[in-house]
Amino acid sequence: MCGIFCCLHNSQSDELPLEWNICKERISSRGPDSLCEKQIKLSEKHCLHFAASILWTQGSQMTIQPCVDEDDNILLWNGDVFSGNSNDNTESDTTFILRSFKSLNIVPTLKLIKGPYSFVYFNKSQKILYFSRDLFGRHSLLLNFNSINSSLTFTSVTRRKFENTHEIPAIGLFALNLQTFNPSNFSLSCFPWRMPNDSFHEQIRKLENLLNSRIQIEDVIFPSREESLNLVNVDEKYFHVNVDSEKREDIMDLLLKKEEIFQRMEKIERLLKASIETRIKKQPSYCKNCIKLILSQETVKCTHTKIGILFSGGLDSSILAVLADNFVPKTESIDLINVAFEKVNKNPKNQNLGEIYNVPDRKTGRQSLAELETICPDRNWNFVEVNISQEELNIHRSSRISDLIYPLNTILDESLGCALWFASRGIGILNEEPYESPCRILLLGMGADELFGGYMRHRTILRQKGWEALIEELKLELNRISDRNLGRDDRVTSDHGKQARFPYLDENLVEFVQTIPPWERCCPTEKFPCGLGDKLLLRLVARKLNLKNAANFPKRAFQFGSRIANGRENAKDVSNRL
């Protein structure tokens with residue numbers, strides 16, 4: 001994982017672009033293992049400045065970036081190839097991608113690989129600058145065009161003072177022709193990931209307005225195999241069971257006895273398990289402290305914690321935890337990081353520490369921890385209590401987190417961004433003692449609600465408009481997760497030199513789930529109340545894994561479970577605290 005930066009700027013000398021001074025510190029925080037720069041002369045008037053900070057997560061040795069091949073092509077790669085690289089784990093993704101871009105070309109390489117990424121690649125002979133985010137937009141890449149000094153900047157993260165910054169939409173591969181560079185009329189084209197739709201064209205128009213240039217649309221990279229669902233075949237009785245008891249566990253047990261449902265649930269469990277295994281094993285076997293010694297040429301055997309899970313104790317994070325137990329050595333702990341924000345009481349003198357931070361996610365976290373200790377008795381689970389006072393929240397929100405959330409700015413972005421920043425920092429209390437998590441890889445549950453119908457609005461849409469409307473909503477949810485959530489989440493989490501990985505957004509899992517009709521993934525009807533009908537298929541996975549409590553916990557948004565958000569505020573409003 002890396003922090004990447006590329007700036008096309010006016011320069012008749014070797015001076016660094018002013019934009020690099022703005023972004024450098026934030027870029028450096030993402031990759032504590034290395035920071036390098038390279039500048040090339042593009043013409044008499046223009047330079048390209050490349051820079052990258054490295055968090056070593058792939059290969060037997062760290063690969064320095066910017067990465068340059070024998071033809072002076074330059075790659076800035078922020079990503080993980082989880083499949084598609086036929087080599088063993090000794091080679092880093094960066095060298096594999098750089099070699100493949102040259103030998104196979106760019107589009108065939110992107111068709112071959114699976115995994116999260118954002119990158120900038122300069123083909124010297126063609127003088128073309130390529131840039132992109134993966135299909136789901138799991139890694140951040142921002143774009144800024146300064147029309148005053150004609151500079152064009154690509155960066156993983158920036159600061160609020162860098163005005164007119166936009167998130168590059170995760171809609172395809174972009175190619176900027178620099179043969180005859182003209183900042184008043186960019187020669188830019190886009191190879192769409194999927195067949196262009198209304199959302200795609202809206203994103204293209206925004207970019208065209210920003211750059212004041214037309215964008216040429218090229219061939220689609222991944223032709224859609226999506227088939228329209230026949231609503232005539234909606235089976236309202238797919239999850240129907242005859243049961244005398246109203247106990248949810250009895251209903252789920254009966255559903256699991258239905259062969260078709262059980263087989264589908266098992267397939268999801270297998271795919272999710274494979275996704276988690278890859279995301280745990282693809283990393284150097286060192287914690288963030290020991291890796292510093294390794295990079296200093298010392299010999300170390302590290303048995304410290306390397307995997308952390310942002311753990312509310314709810315359905316999504318509990319499933320991640322019990323499946324992760326299969327792949328982490330039993331000699332190592334797994335950090336379950338549970339964040340809580342100070343509850344302000346009218347009578348603060350009467351509050352003790354337990355009451356102040358006894359928020360809903362702390363309660364469900366402890367309940368699910370007890371289940372995990374029963375299901376996985378040989379594992380040492382570190383339940384890390386991250387307690388954040390209002391004072392600490394105010395300090396870090398204004399000094400740092402607001403820059404990481406930028407260019408997003410709503411109350412929802414603020415609350416989620418702050419909660420993720422403190423949770424991923426991993427500084428808290430373990431067994432009543434101060435503790436800082438040494439893990440470098442964090443597993444997050446993003447994507448589960450979008451895939452399996454977990455939001456309250458899904459229930460409302462089904463009740464008011466029917467299955468056809470819910471089908472469209474679920475498609476929309478997944479299409480907009482890149483610009484609504486994941487770029488922000490990547491910037492916030494990576495600020496601590498840690499990498500967020502999203503097992504629910506594994507390509508193989510997503511592809512399979514999208515073949516399942518929505519009415520066979522969830523059943524948010526009156527018969528199946530909250531905590532049962534929403535994400536029903538995923539709840540059956542939890543039930544099979546003996547997560548009896550987590551399988552029945554109702555959906556609760558992270559910002560409310562951690563008590564950072566004020567329910568009286570409109571989440572879509574622009575926050576005046578950023």
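Residues numbered from 1 in each chain as written. Predicted model: local features only at pLDDT ≥ 70, side-chain atom pairs only at ≥ 80, totals over all residues. Heavy atoms only, no water.

1. Digging into the nonpolar core
For clarity, the cut-off: Nonpolar core, defined: a set of buried Ala, Val, Leu, Ile, Met, Phe, Trp, Tyr and Cys residues in which side-chain atoms within 4.5 Å join the residues together. Burial status follows relative accessibility: with a 1.4 Å probe on protein chains alone, a residue under 20% of its type maximum counts as buried, one over 50% as exposed, and anything between as partly exposed. Residues are treated as being in contact if the distance between any of their heavy atoms lies within 4.5 Å.
If you look at the biggest cluster of nonpolar residues, it comprises 98 residues, and the most contacted ones within it are Ile-276, Ile-319, Leu-336, Phe-422, Leu-443 and Leu-540. Beyond its immediate stretch of four places on either side in the chain, Leu-540 contacts Met-252, Leu-255, Leu-256, Ile-261 and Met-265.

2. Examining helix H18 (residues 536–544)
Put simply, the rule is: A run of H or I in DSSP counts as a helix once it spans at least four residues, and a run of E counts as a strand once it spans at least two, with each numbered from the N terminus.
For H18, a buried count of eight out of nine residues is recorded, marking the element as mostly surrounded by other parts of the structure. Turning to H18, its buried residues number three or more, namely Leu-536, Leu-537, Leu-538, Arg-539, Leu-540, Val-541, Ala-542 and Arg-543. Each element contacted by the buried residues of H18 is listed here: helix H5 (248–256), helix H6 (259–281), helix H8 (315–324) and helix H13 (448–452). Just past H18, the residue Asn-546 takes up positive phi, approximately 70°.

3. Describing the environment of Ile-204
Locating Ile-204 in the fold gives a position in helix H4 (residues 198–211). Judged by its relative accessible area of 5%, Ile-204 falls in the buried class. Distance in space between the C-alpha atoms of Ile-204 and Ile-217 is 9.3 Å, their sequence separation being 13 residues. Those residues in contact with Ile-204 that lie beyond four places of it in its chain are Ile-171, Phe-174, Cys-190, Ile-215 and Ile-217.

4. A few points about the sheet that holds strand S9 (residues 151–155)
Rule in force here: DSSP-based pairing: two strands are paired if at least 2 bridges between them are found. Every axis in this analysis is a line fitted to C-alpha atoms, fitted for helices over the stretch in contact. Angles between the N-to-C directions lie between 0 and 180 degrees.
If you trace the six strands from one edge of the open sheet to the other, you get S2-S3-S1-S9-S8-S10, paired in antiparallel fashion. A strand with exactly one partner marks an edge of an open sheet, and here the two such strands are strand S2 (34–41) and strand S10 (165–167). Here the strands of the sheet are splayed against their neighbours by 15° on average, with no regard to which way each runs. Across eight bridges, the pairing between S2 and strand S3 (residues 46–54) is antiparallel. Across the sheet, residue Leu-35 finds its bridge partner in S3, namely Ser-53. Where H4 meets the sheet, its contacts fall on strand S8 (142–146), S9 and S10, and the angle it forms with S8 comes to roughly 30°. Along the sheet face, helix H16 (residues 481–494) touches S8 and S10 and points at about 110° away from the line of S10.

5. A closer look at the packing of helix H12 (residues 411–425) against H16
How we decide: Working rule for handedness: look at the near helix, and if it is turned counterclockwise from the far one by less than a right angle, call the crossing left-handed; if clockwise, right-handed. Under the grouping applied here, Gly and all other residues not named as nonpolar or charged are polar, the nonpolar ones being Ala, Val, Leu, Ile, Met, Phe, Trp, Tyr, Cys and Pro and the charged ones Asp, Glu, Lys and Arg.
Where H12 contacts H16, the two axes come as close as 9 Å, and the packing angle between them is 35°. Both H12 and H16 take part in a crossing whose hand is right-handed. Here Asp-413, Leu-416, Gly-417, Leu-420, Trp-421 and Ser-424 of H12 lie close against H16, whose contacting residues are Arg-484, Arg-488, Asp-489, Val-492 and Thr-493. Tallied by class, residues from the contact of H12 with H16 come to four nonpolar, three polar and four charged.

Such coordinate-based values are descriptive only and should not be taken to indicate function.
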